[in-house]
Amino acid sequence: MTLTRRRFLQCSLTGAAALGATQLGWASRALADMSRVRAGRRLRILVLGGTAFLGPAIVDNALERGHEVTLFNRGKTNPHLYPDLEKIVGDRTVSHDALKGRKWDVVIDTCGYYPRVVREAAAVLAGNIDQYIFISSISVYADFSRKGLNEESPVGTIEDEATETVTGETYGPLKALCEQAAEQAFPGSTCNIRPGLIVGPRDRSDRFTYWPVRIARGGEVLVPDSPQTVTQIIDVRDLGEFVVRCAERKTCGVYNCTSPAGDLTMGEIFETCRKVSGSNASFVYADGDWLAAQGVQPWSDMPVWIPLEGPDAGQPFTDVSRALAAGLVFRPLSETVRGTLDWWATVPSERKGRPLRAGLTAEREAELLELWRARQG
Ligand SMILES: NC(=O)c1ccc[n+]([C@@H]2O[C@H](COP(=O)([O-])OP(=O)(O)OC[C@H]3O[C@@H](n4cnc5c(N)ncnc54)[C@H](OP(=O)(O)O)[C@@H]3O)[C@@H](O)[C@H]2O)c1
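**Brief notes about helix H5 (residues 115–125)**
Then comes step 1: Within H5, burial applies to Pro 115, Val 117, Val 118, Ala 121, Ala 122 and Leu 125. The buried residues of H5 occupy one face: seen down the axis, they fall within an arc of 165°.
Then comes step 2: On its buried face, H5 sits against strand S1 (44–48), strand S4 (106–109), strand S5 (131–135) and helix H6 (171–185).
Then comes step 3: At the C-terminal side of H5, Gly 127 shows a positive phi close to 85°.

Right under this line is the structure:
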């Protein structure tokens, strides 16, 4: 017998008595959670989006905490998810009218990319919600070359603020404009969350997944630069939990959300992947300049890697002290790697058969390893 947590929360204690021992253990935990939330307040949460990557992490956490969740999306992405939840169907680039006249405690907007669209959502929801949580991005900042970016650092701008084309250049400034649109509509009641690279189960970009999957395969793995190179990531489930806490505590303001500055190294990621997967991988660190000369791109070909020199050198040192003070907590990296590998095991073989969306193909990696060895003599 399987029960989703959502279904369980609708069960009576009598129903729970019919469950087996394991489920009862889980049942009592869920009941304890539920009463904790009730002692606070059971929130009515509207999620704009909710079904791809970050959305499910937020929804799962909110349901675990006993909240009531409504989803608004087009019904295209993973429509099988959350059969028990209220789903309102609509394309927000066209209209938010389906939300008119409805009341929620908080809206969590995971799929706002254009200020017009956020303004329209806010206009329809005005007077009917107490808080707007907008999922922005660390990409809002204008200059990543220096260390210590914090929430007060200048954000990027674009000439055509009405553009609805997302590119590498427009994405960050548009997110900054979306933040401002939300704050203008709900002054003092808006929470703008700026995540760094989000990683873990359900990630469609493979930007972190490449490493656990590649290292689990074993053998010589080409890796960039040096084990001490610093980076920042956030597990999607930790971010989901933080977002729900922000809703519960009505936390407002702006928050960078990623791992603490200077805390995580590439070497730690690689070693953790090896340990968790139990593979026989060995790591061949190739010099960053040499990789660049071979046309190997940081971040896309060598995921998670940001060179310590250059226009993005400050990015892995983004300050997150404000989010830490507001309750952001992190699971161990080993859990992130394990969660990613467990999820990858469930991915359809058709997707697994195709090259990952980030990282090197096996052929290209082998070619580069050979060139590197020849260079080393
Ligand atoms: N991935 C990262 O590393 C990273 C880093 C920093 C910030 N971020 C931000 O984090 C957020 C994460 O997004 P996610 O994709 O994981 O969120 P998600 O909530 O899991 O998925 C996106 C949702 O938006 C819905 N949607 C898309 N277009 C829509 C439309 N026109 N009208 C109504 N619904 C629509 C999709 O459903 P339908 O397709 O069915 O409509 C889906 O439910 C984004 O805002 C991104 O900019 C991501």
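**Some remarks on the packing of helix H7 (residues 210–217) against helix H9 (residues 266–277)**
Then comes step 1: In the contact formed by H7 and H9, the axes pass within 9 Å of each other and the chain directions differ by 55°. Taken together, the axis directions place H7 and H9 in an arrangement best described as oblique. H9 is crossed by H7, and the crossing has right-handed handedness. Where H7 approaches H9, its residues Trp 211, Pro 212, Ile 215 and Ala 216 are matched on the opposing element by Ile 269, Phe 270, Cys 273, Arg 274 and Ser 277.
Then comes step 2: Residue composition of the contact of H7 with H9, by class: seven nonpolar, one polar and one charged.

**So, helix H12 (residues 333–345)**
In an α-helix, one full turn covers 3.6 residues, which means residues spaced three or four apart are oriented alike.
Then comes step 1: Given a rise of 1.5 Å per residue, 13 residues ought to cover 18 Å, and the 18 Å separating the end C-alpha atoms of H12 matches this to within 8%.
Then comes step 2: Taken residue by residue, H12 has Leu 333, Thr 336, Val 337, Gly 339 and Thr 340 as its buried positions. Considered in projection along H12, the buried side chains sweep an arc of 165° and stay on one side of the axis. Away from its buried face by more than 90 degrees, H12 exposes Ser 334, Asp 342 and Ala 345.
Then comes step 3: In this fold, the buried residues of H12 make contact with strand S7 (198–199), H7, strand S10 (234–235) and H9.

**A closer look at the sheet that holds S4**
Then comes step 1: With parallel pairing, seven strands are arranged side by side in an open sheet as S3-S2-S1-S4-S5-S6-S11. With partners counted over all chains shown, the strands left at the sheet margins are strand S3 (86–89) and strand S11 (253–257), one partner each. Recorded for the sheet is a direction-independent mean angle of 20° between the axes of neighbouring strands.
Then comes step 2: Strand direction decides the pairing type here: S4 and S5, joined by four bridges, are parallel. For Val 107, the partnering residue across the bridge sits in S5 and is Tyr 132.
Then comes step 3: Each of S1, strand S2 (68–73), S4 and S5 is contacted by helix H4 (residues 54–64), which is oriented at about 170° to S1, the strand it contacts most.

**Focus: the nonpolar core**
Burial of nonpolar side chains together is a common tendency in soluble globular proteins.
Then comes step 1: Among the nonpolar cores identified, the biggest contains 92 residues, and Ile 45, Val 107, Ile 133 and Val 243 are the most heavily contacted of them.
Then comes step 2: Ranked by residues supplied to this core, first place goes to helix H8 (residues 236–248) with seven residues.
Then comes step 3: Once you skip the residues sitting within four places of it in the chain, Val 107 turns out to touch Leu 46, Leu 48, Leu 125, Ile 129, Tyr 132 and Ile 133.

**Some thoughts on the pairing of S5**
Note on strand geometry: in a regular strand, side chains alternate between the two faces of the sheet.
Then comes step 1: Counted residue by residue, S5 has five buried out of five residues, so it is predominantly covered.
Then comes step 2: Note: S5 against strand S6 (residues 190–195), four bridges, orientation parallel. Paired with Ile 135 across the bridge in S6 is Ile 193.

**Some remarks on the site of the ligand**
Then comes step 1: Around the ligand, a shell composed of 23 residues is seen, among which Gly 49, Ala 52, Phe 53, Gly 55 and Arg 74 lie nearest.
Then comes step 2: Looking at the shell around the ligand residue by residue, the classes come out as nine nonpolar, ten polar and four charged.

**Section: the environment of Gly 196**
Then comes step 1: Looking at the secondary structure, you find Gly 196 in the loop between S6 and S7.
Then comes step 2: Separated by 36 residues in sequence, Gly 196 and Gln 232 place their C-alpha atoms 7.0 Å apart.
Then comes step 3: Setting aside anything within four residues of it in sequence, one finds Gly 196 in contact with Ile 138, Gln 232, Ile 233, Ile 234, Cys 257, Thr 258 and Thr 318.

**A word on the packing of H5 against H6**
Then comes step 1: Direction vectors running N to C along H5 and H6 enclose 20°, while the axes themselves pass 8 Å from each other. Between H5 and H6, the interaxial angle falls into the category roughly parallel. Note on packing geometry: the crossing formed by H5 with H6 is right-handed. Between H5 and H6, the residues in contact are Pro 115, Val 118, Arg 119, Ala 122 and Ala 123 and Leu 174, Leu 177, Cys 178, Ala 181, Ala 182 and Ala 185, respectively.
Then comes step 2: In terms of residue class, the contact of H5 with H6 is built from ten nonpolar, no polar and one charged.

Parameters and conventions
- Residues numbered from 1 in each chain as written.
- Predicted model: local features only at pLDDT ≥ 70, side-chain atom pairs only at ≥ 80, totals over all residues.
- Buried ≥ 20, exposed ≤ 12 C-beta atoms within 10 Å, placed from the backbone.
- Helix = DSSP H or I, 4+ residues; strand = E, 2+ residues; numbered from the N terminus.
- Arc of directions from axis to C-beta.
- Contact = placed C-beta atoms within 7 Å.
- Axes fitted to C-alpha atoms, helices over the stretch in contact; angles between N-to-C directions.
- Parallel < 35°, antiparallel > 145°, perpendicular 65-115°, else oblique.
- Left-handed = near helix turned anticlockwise from the far one by under 90°.
- Nonpolar A, V, L, I, M, F, W, Y, C, P; charged D, E, K, R; others polar.
- Expected span 1.5 Å × (residues − 1).
- Pairing = 2+ DSSP bridges.
- Core = buried A, V, L, I, M, F, W, Y, C linked by C-beta atoms within 7 Å.
- Near = placed C-beta within 6 Å.

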